[in-house]
Structures are given as C-alpha cells and as structure tokens.
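# Working through the structure, step by step
So you can see what is in the structure, the chains are spelled out below.
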Amino acid sequence: MSQLRKQGLTRRALLSRAVAAGALAVAGPGFIAAPDAAWAVEVAAISEHEMATLLQMTRDIFPHDRVGDRYYAVAVKGYDSEDQKADVAQGIAALDAAAKQAGFDSYLSVGWEADRVAILRMIEDTPFFQTVRGGLVTGLYNQKEVWPIFGYEGESFSQGGYIARGFDDIDWL
Amino acid sequence: MAKAAKFDLTDDSVVVIVGTGAGGGVLANELAQKGVKVVALEAGGRYLPEDYVNDEWESFGQLAWTDPRTTSGDWRVAKDFSGLPAWIVKAVGGTSVHWAGASLRFQDHEWKALSNYGTVEGASLLDWPIDGAEMAPWYDKAETKLGVTGVGGRARLPGSNNYKVFEKGALAVGYKDVHTGNMAINSADYDDRMACQQTGFCFQGCKWGAKWSTAYTDIPRGEATGNLEVRDHAHVARILHDDSGKVTGVEYFDKDGNLQMQKARIVAVAGNSFESPRLLLNSHSSMFPDGLANRSGQVGRNYMRHTTGSVYATFEHPVRMWRGTTMAGIIRDEAKHDPSRGFVGGYELETLSLGLPFMAAFLDPGAWGREFTTALDSYENMAGMWIVGEDMPQAENRVTLSDTEDKFGLKVANVNFSDHPNDIAMRNHAYARGQAIYKAVGATRTLPTPPYPSTHNLGTNRMSEKPEDGVVNRHGQSHDIPNLFVSDGSQFTTGAAENPTLTIVALAIRQADHIAKEMAAGNV
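Source: prediction; values computed, not measured. (Residues numbered from 1 in each chain as written. Chains lettered and ligands numbered in written order. Predicted model: local features only at pLDDT ≥ 70, side-chain atom pairs only at ≥ 80, totals over all residues.)

### Some details on the overall build of chain A
Within chain A, the secondary structure is distributed over seven helices and three strands. Listed by position from the N terminus, the elements making up chain A come as α-β-β-β-α-α-α-α-α-α. The proportion of buried residues among the 173 residues of chain A is 35%. (Helix = DSSP H or I, 4+ residues; strand = E, 2+ residues; numbered from the N terminus. Buried ≥ 20, exposed ≤ 12 C-beta atoms within 10 Å, placed from the backbone.)

Shown next as structure tokens:
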C-alpha cells in the first residue's frame, strides 16, 4: 500500500480508467489505485482488470460501507501470484460472462450492487466463488486494522483485562 | 518441586493414560497422589498461561486438534466444516485449556433418562448404572478441586455487560433461575490461582490461570509427587494385549515420529470422544477383530454433542460482549424435563461471545451479502447466548474408522451425525426463547445461529449395567478387558443438559479411587 506510484497517473488517465474500472479503483500499468490515489496495490501475475474485478467482487460478497477498499485489497492481494493466476483468469472470465448474460458489458460496468449480487448468485456454487468467499472470512476479518471499525478491541491481557476498564459499564439497560 | 518421574518403556507396573484433559489429566494426578506410578501420553505439545495467545485464529493454530477427520450425516457441520467436526484441543491439558468453565452437576432425573423419558423412537436411551446420590460426594470433590463458584462458600463472578443484557431479558420474560453460573473460574484467589480479570478469551487458554485447567494444576501437581511422567507429542497408535486378553501396553509415535512401546499394568483411554473409540477400533487383533472392548459392537456408537446453537441479538446501543468472562451467565429454567414443550430432556441457556474473527466465521457459515454483513456491522451492539441441551443418543450417530489415514498411516475417525427430531424440536424451542429474551430488552434484530463444530463430544464408549448395552461398567472399566478403562466423556451413557466437564472430573476422581483399590487388592 505504501508503494504509491504517481507516474503516468494524469488526471485524464485517472478519469478514463475510473470509468473503465467502475469508479471503484483505477487500473494503471501494473497496479491499481484508488481514484484519489490514497492507496495502490501492484499486480504482477494477474491483470489490472482482474484485480479490480476481484476487489469489487469481494466488496459485494462482504459489503461494509465503513471499511475502505484498502482492507479488501489486502485480503485479495494473495491472488496475484503465479500459482493462482490461471484460476483467477478463469474465474473472472466466468464472472464477466455471467454479467454479459445479464445484459452488462462486464461485472465492473454494473452500477448497482443489487445487480452485481444477482450476477454473483449465478456463480456462487463455483469453486472460484467459494474460494474467494472462504478466504475472505479470515483475509478481511482477521486484519487487526479493521477491528476498530467494528468496535472490536482484541486482546486486553496486556492492559490487565477489563476488570477496571468497563466489563460491566453498560448504562442503557 | 520434585523432579518429575521417568519410567522405563519396559516397566510393566505403570498405569498408562492416553490423554491429559479433564478426564486423563485428573486421573493421572489422582493416581499419582495415591502413590500409583503413571505414564501419561499426550498427542499435543505443552503450553502454559504465558504461552497462550489472545487472538482467536492464532490460538486456534496453537491449540486446536486439526489432524484429519472426516464427517458424514445431515448435520450442518459436515457441510460447513467437513474436516473439523469438533473444536477441541491437542495439548497437555487437553480441552480443559479451551473450555469455558461452566461446572454444573447433572440433575437427578438425567442419570436415568430411559426410565424418566420413556422409550423415544429412534433413540438408544439408557439409564446410567450410577445415580446422583452415588455421585454427590465425587461432585463435592470435583467442585473443590475446580474452585467452582456459587457452591462451597465461593462467591459467584460479577456480571459482565453481556450478562446484564441476558439477565434483564430473562427476568422480563419470567425466568427465575438466572445468575452468573457455577464456574471453575475464580471469583477470588483460590488454590494458588488468581481471580478472574474479566479479560475475555476464556476459549484461548486463561492467561491469568484464573480458570481451572489440568495444564497448570493437576498435571504439575501429579508430576511433583514423583509418580507421574507426562510425555508430550506422543501419539498413541494402538493398545496391545496378551493371549489371555488383558492389555499389556501401548504403541505410540514419539515426538520424532519413531514408534515406541510402553508396557503397562493398566491402560486408561481419555482422548475425547473421537480419538478414544478410534484408538480402540484401531487396536483390533485376531482375538478382537472388531476392536478392543467391542464385543458389544457399541464402541463408537451413540455419539452425542449436545443440542446446541446460539442466539445473538443487536441493540440500539453498545454491549461489547467480548469484555469479561465468556460464559458467566446462565438461565436454568428450561433445564427441567417437561415434555409439554414437545421434547424430552431440557436445555441451559448460557452467555457466550465470540471475537469479530470467529463471529465472521461462525455466525452463518457460507453466508454472504448484506444480510450477513449488516449483522457484523452491529458487532459492538451485539449480545450473545449459547444453547446447551440434552441430545438423543442414536446408534447410527457414531465414530467409525475412515479410509483416510493420518501422517502416521493410522485410519482417522469418521464422525457420522444426524439430528434426532427431539433435538430439532428442542433447538427450535430454545431459539424462540432466546429471541424472546433479547426482544424483551429492545433487540433490533435477533440471529438464531447454527451449531459450531462440537465442543461437547460424548457417548462413544458408553457406560452400561449390562455388557451387551455398552462398552464400560459403572467404573469406566471395560466390560471385556478388566485392565482397560475409559476415563473421558466418551463413557457418558446419556448427555444430560449440563456442560460435561464437571461430571468428567467427578468420574475421574471416582475412577482413580476404584483403580487404586483394585490394584491394592491385586484384582487388576
């Protein structure tokens, strides 16, 4: 996430790619970045289109409106590998084919979440979908960085537990 | 502390115990205290409170039994967690490291389920050959050992936020028997263990040692006598016997993967309700072609896992259920046997919380989309409870040997389970009551959550009066082989509604007394 690259990212390129990528993430040469360039993830083995589609797909599987794209990107970056690229290519192609069948140009071109979810329902029994969904359970929710967004505090032993820090502080009952 | 004993592999005077959890660990210490020489073989490694990790997945990687197992039957676990039918521990201390600490005695009527419930179609109910009166003094000893709260003059634990929501809802719908439970978690310093610091993570091993576990009580105390040797990373492959049909020792793979043979005067099996029958079945021989202690054909049968499920609910305001003792909260009003509810037996409702990572994994396995994620969005405002009720033993709910082999080439356990209609009726009743409890305190949404991989595994070597009905007698002693014992929850004839550990401990203390007497008398 820290290897933010600005070269080649003109405002015009950003805008055109933002359209191509469904305004979620910008496909660039070898990486994708947020439209505001706040973060970027490099891709080496899979294509920018595949990574951008994976990101949108994972947002649609486990949509949390207060969880930024960068956490989903961390969850799926492992798919950018030589081992996985054939499965990713096949899976994303199938997803795009399902989108076409539903009357859209590609999965990323679908504007409404409800329409994308309907497309995902068409492929939810496939090994590709199940692998992505299953991996996301730990890939997303086991990131310590996302826990505060849900209010979860994680371990408390290092602070002496909650015996003096609110284990019984409920005040609205 | 005295140096722990070291016994020779050829020493045939020792009692070999397979497993070091609530059953095996207690038996090992109780025998050692009586001067009996014991070799305890533990498949897992040794971890102490300073080693425990308060992170759900990391701890799971450290402690859980993740060796291969296979599953079948119509239970949802077979679909969602096909290789993980149970969530139990592979470590010195066994599942007493992981358990929540709820320590309840059976109700008197539960010892005689067949007599009190009558014949239930499709169920293989049986009366225990022992009863509440006989077990009362052993329960006393077990409660003292564990430091159970709410009995013996020990104060109950304070109520957490999760408990307060649970209690208010329970009282609002008319329940009376509601409190923070009988917990083997210290409410004040006791027996060289400190008081609970309300840290959460009871399931990941108590880093304060406030919760009782054999890992840091019975095991080191047994070792201190000089009569107990614990060998960790020792995976028992089979139990051996002589031409007279008595067991003579065990073969096990040591930490380097080398096959060793430890001779024994007595063997006690305490590997939890999958591994114990698996070991007996894998020990088949020409004399015992169906496995040891299995002339009845009952080894592996009547697997029970309690009728479980959870109810979570979200509220307008924060609850922060993860703060504090995980299971210190109980409603006992539904634990009675009252067939007018549409099922026999009863169930307890107990507070429960999971951290965010496990909540995501277990709330609705396989689910996705906003119905699922909006529930997690309210995680901070969530309260939770667990259902634990008596399930029906069924002959075909059973552990058998799978075609799959583990890394040692030993056939693994296949666990076949399907709910009995009584189990389903009870679960649905409990879901409705749990949802009513939370709605009574303003729940905005209630989530009747499916059972997790089993933590209470019972009944696969059951105790019976008659040899043809079960595997062991009233002392956990094999009906077929007098110097072979079963010392864990697999000896349960029926499951009752209560969390099983206290009963496992009470049975182990009682069994140690029996074994020592029988050894002294020269009977075994």
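### Things to note about the overall build of chain B
Across its full length, chain B holds 12 helices and 17 strands. The globule rule puts the C-alpha radius of gyration for 524 residues at 24 Å, and the 22 Å found for chain B is close to it. Its C-alpha atoms put chain B at 70 × 50 × 45 Å along the principal axes. Across the 524 residues that make up chain B, the buried fraction comes to 60%. Taking all contacts inside chain B whose residues are at least 6 apart in sequence as the whole, residues at least 24 apart take part in 75%. (Rg over C-alpha atoms; globule rule 2.2 N^0.38 Å. Contact = placed C-beta atoms within 7 Å.)

### So, the interface of chain B and chain A
Between chain B and chain A, the contact holds 36 residues from the first and 29 residues from the second. Of all the secondary structure elements, the ones that give two or more residues to the side of chain B that touches chain A are helix 6 (161–172), helix 9 (356–362) and helix 10 (370–377) of chain B. Here the residues of the side of chain B that touches chain A sort into 15 nonpolar, 13 polar and eight charged. (Nonpolar A, V, L, I, M, F, W, Y, C, P; charged D, E, K, R; others polar.)

### Topic: the sheet that holds strand 14 (residues 398–405) of chain B
All names here are of chain B. Pairing is mixed across the open sheet formed by three strands, whose spatial order is 3-15-14. With one partner strand each, in any of the chains shown, strand 3 (70–72) and strand 14 form the two edges of the open sheet. Across the sheet, the mean angle from the axis of one strand to that of its neighbour is 35°, orientation sign disregarded. As defined by bridge partners, strand 14 adjoins strand 15 (residues 411–416) across five bridges and the pair is classed as antiparallel. Across the sheet, residue Arg398 finds its bridge partner in strand 15, namely Asn416. Across the sheet, helix 8 (residues 272–282) is in contact with strand 14 and strand 15; its angle to strand 14 comes to roughly 70°. (Pairing = 2+ DSSP bridges. Axes fitted to C-alpha atoms, helices over the stretch in contact; angles between N-to-C directions.)

### Here's the deal with unusual backbone geometry
Glycine aside, residues mostly have negative phi, and peptide bonds are mostly found in the trans state. Residue and element names in this part refer to chain B. Positive phi, close to 65°, is recorded for Asp192, a residue that is not glycine. Secondary-structure assignment places Asp192 in the loop between strand 4 (178–179) and helix 7 (218–224). Of note in this structure, Asn272 is not a glycine but carries a positive phi near 75°. With respect to the element layout, Asn272 can be found in helix 8.

### A short note on the confidence of the model for chain B
Confidence along chain B averages 97 in pLDDT terms, with 100% of residues attaining 70 or more. Here the complex is predicted with pTM 0.94, and the ipTM for its interfaces comes to 0.94. (pLDDT = per-residue confidence, 0-100.)

### A word on the environment of Ala5 of chain B
All names here are of chain B. Its place among the elements puts Ala5 in the segment before strand 1 (15–18). You can call Ala5 partly exposed: it has 18 C-beta atoms within 10 Å. With 218 residues separating them in the primary sequence, Ala5 and Glu223 have C-alpha atoms 6.8 Å apart. Ala5 has contacts with Lys37, Gly226, Asn227, Leu228 and Glu229, leaving out every residue within four places of it along the chain.

### Some remarks on the nonpolar core
All names here are of chain B. Counting 194 residues, the largest nonpolar core has Val15, Val16, Ile17, Val38, Val267, Ala383 and Val505 as its most contacted members. Broken down by element, the residue count for this core peaks at nine residues, all from helix 12 (residues 501–520). Not counting residues within four places of it along the chain, the set of residues in contact with Val267 comprises Val16, Ile239, Val247, Val250, Asn483 and Leu484. (Core = buried A, V, L, I, M, F, W, Y, C linked by C-beta atoms within 7 Å.)

### Notes on the confidence of the model for chain A
Here chain A averages 85 in pLDDT, and 77% of its residues register 70 or above. Below pLDDT 50 for its whole length, residues 1–27 of chain A participates in 50 contacts with residues either more than four positions away or in separate chains.

### A look at the sheet that holds strand 9 (residues 266–269) of chain B
All names here are of chain B. The five strands lie next to each other as 5-2-1-9-17, forming an open sheet whose pairing is parallel. Edge positions in the sheet fall to strand 5 (228–231) and strand 17 (484–486), since each of these pairs with one other strand and no more. Pairs of neighbouring strands in the sheet enclose a mean axial angle of 20°, with direction left out of account. Relative to strand 5, strand 2 (residues 38–41) runs parallel, the two being bridged by four bridges. Across the sheet, residue Val39 finds its bridge partner in strand 5, namely Glu229.

### Here's the deal with helix 5 (residues 113–123) of chain A
Burial in helix 5 of chain A covers these residues: Arg116, Ile119 and Leu120 of chain A. All buried residues of helix 5 of chain A project into a common sector of 100° when viewed along the axis, lining one side. (Arc of directions from axis to C-beta.)

### Examining the pairing of strand 9 of chain B
Residue and element names in this part refer to chain B. Side chains of strand 9 alternate between two faces, with Ile266 and Ala268 and Val267 and Val269 buried alike. Relative to strand 9, strand 1 runs parallel, the two being bridged by four bridges. Its bridge partner being in strand 9, Ile17 is matched across the sheet by Ala268. In this structure, strand 9 lies alongside strand 17, joined through three bridges in parallel fashion. If you follow Ala268 over to strand 17, its bridge partner there is Phe485.

### Let's talk about the packing of helix 3 (residues 69–76) of chain A against helix 6 (residues 127–141) of chain A
All names here are of chain A. Closest axis-to-axis distance for the helix 3/helix 6 pair is 8 Å, and the angle between their directions is 125°. It follows that helix 3 is oblique to helix 6 by the angle criterion. Relative to helix 6, the crossing made by helix 3 is right-handed. Seen from helix 3, the contacting residues are Tyr71, Tyr72 and Ala75; seen from helix 6, they are Leu136, Gly139 and Leu140. (Parallel < 35°, antiparallel > 145°, perpendicular 65-115°, else oblique. Left-handed = near helix turned anticlockwise from the far one by under 90°.)

### Description of the environment of Gly291 of chain B
Residues and elements named next belong to chain B. When you line up the elements, Gly291 lands in the loop between helix 8 and strand 10 (307–314). Considering only alpha carbons, one finds Gly291 and Gln197, 94 residues apart in sequence, at a separation of 47 Å. Residues in contact with Gly291, not counting those within four places in the same chain, are Leu280, Leu281, Ser283, His284 and Val299.

### A word on the packing of helix 2 (residues 48–61) of chain A against helix 6 of chain A
Residues and elements named next belong to chain A. Contact geometry for helix 2 and helix 6: axes closest at 10 Å, N-to-C directions at 70°. Relative to helix 6, the element helix 2 is oriented roughly perpendicular. Every pair of crossing elements has a handedness; the one defined by helix 2 and helix 6 is right-handed. Residues Met57, Thr58 and Ile61 of helix 2 form the contact with helix 6, whose own contacting residues are Val132, Arg133 and Leu136. Residues belonging to the contact of helix 2 with helix 6 are distributed by class as follows: four nonpolar, one polar and one charged.

### A look at helix 2 of chain A
Residue and element names in this part refer to chain A. Between its first and last C-alpha, helix 2 extends 20 Å over 14 residues, near the 20 Å set by a 1.5 Å rise per residue. With respect to burial, helix 2 is a largely interior element, 12 of its 14 residues being buried. Every buried residue belonging to helix 2 is among Glu48, Glu50, Met51, Ala52, Thr53, Leu54, Leu55, Gln56, Met57, Thr58, Asp60 and Ile61, and all of these are buried. (Expected span 1.5 Å × (residues − 1).)

### Looking at the environment of Asp243 of chain B
Residue and element names in this part refer to chain B. Looking at the element boundaries, Asp243 is found in the loop between strand 6 (235–241) and strand 7 (247–253). Judged by the 6 C-beta atoms lying within 10 Å of it, Asp243 falls in the exposed class. Note: C-alpha distance between Asp243 and Asp488 (245 residues apart in sequence) is 27 Å.

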